[in-house]
Amino acid sequence: MKDFYREREDYNPFWTHEEYMKNKREKVIKVIRPICEAFGIHDYDYEVHPHEILVVEGQRIGCASNSIGAVVMELIGYIFVNTYAKNRSLGEFEKQTLNVLKRYWFRGEK
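What comes next is a walk through the structure.

Parameters and conventions
Residues numbered from 1 in each chain as written. Predicted model: local features only at pLDDT ≥ 70, side-chain atom pairs only at ≥ 80, totals over all residues. Heavy atoms only, no water. Helix = DSSP H or I, 4+ residues; strand = E, 2+ residues; numbered from the N terminus. Contact = heavy atoms within 4.5 Å. Areas by Shrake-Rupley, 256 points an atom, 1.4 Å probe, with all protein chains shown as cover. Lys, Arg positive; Asp, Glu negative; His and termini not counted. Charge placed at Lys NZ, Arg CZ, Asp CG, Glu CD. Core = buried A, V, L, I, M, F, W, Y, C linked by side-chain atoms within 4.5 Å. Buried < 20%, exposed > 50% of the residue type's maximum accessible area, 1.4 Å probe, protein only.

**Considerations on the overall build of the chain**
Item 1. Counting its regular elements, the chain contains four helices and three strands.
Item 2. Along the chain, from the amino end to the carboxyl end, the secondary structure elements read α-β-β-β-α-α-α.
Item 3. Taken over the C-alpha atoms alone, the chain extends approximately 50 × 30 × 25 Å along its principal axes.
Item 4. A separation of at least 24 residues holds for 43% of the contacts in the chain among residues at least 6 apart in sequence.
Item 5. As presented, the chain carries roughly 7500 Å² of accessible surface, and 52% of it is formed by carbon and sulfur atoms.
Item 6. Counting 17 positive and 17 negative side-chain charges, the chain places the averaged centre of each group 4 Å from the other.

As structure tokens, this is what we get:
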């Protein structure tokens, strides 16, 4: 299985913060595109201004200062919640488990 924590965004010490964030956004999109396509997700983005936010099918997920691997894990959590957990019981601690998986999700969305 691919280790997404080994994915790194490009860095140039002469870039401005805006240039760095633009390049990070492009790298995140490039990494998550095949995952999203595999699950039929066509509505996704990675916003970098003013904060880093993963947007998947309208659900905004906070990813401030996350590595690319951590952003991928948030995407996988979203997919898990909306596929597997949507149709199956997670047992006695379902509510607590879902709360942990959704801890960075903006409330009132999706």
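**Here's the deal with the nonpolar core**
Item 1. Counting 26 residues, the largest nonpolar core has I32, I41, Y46, L54, L75 and Y78 as its most contacted members.
Item 2. Listing elements by their share of this core, those giving two or more residues are α1 (17-38), β1 (44-47), β2 (53-56) and α2 (68-82).
Item 3. Among all residues touching I41, those that are not within four sequence positions of it are C36, V56, E57, Y78 and I79.

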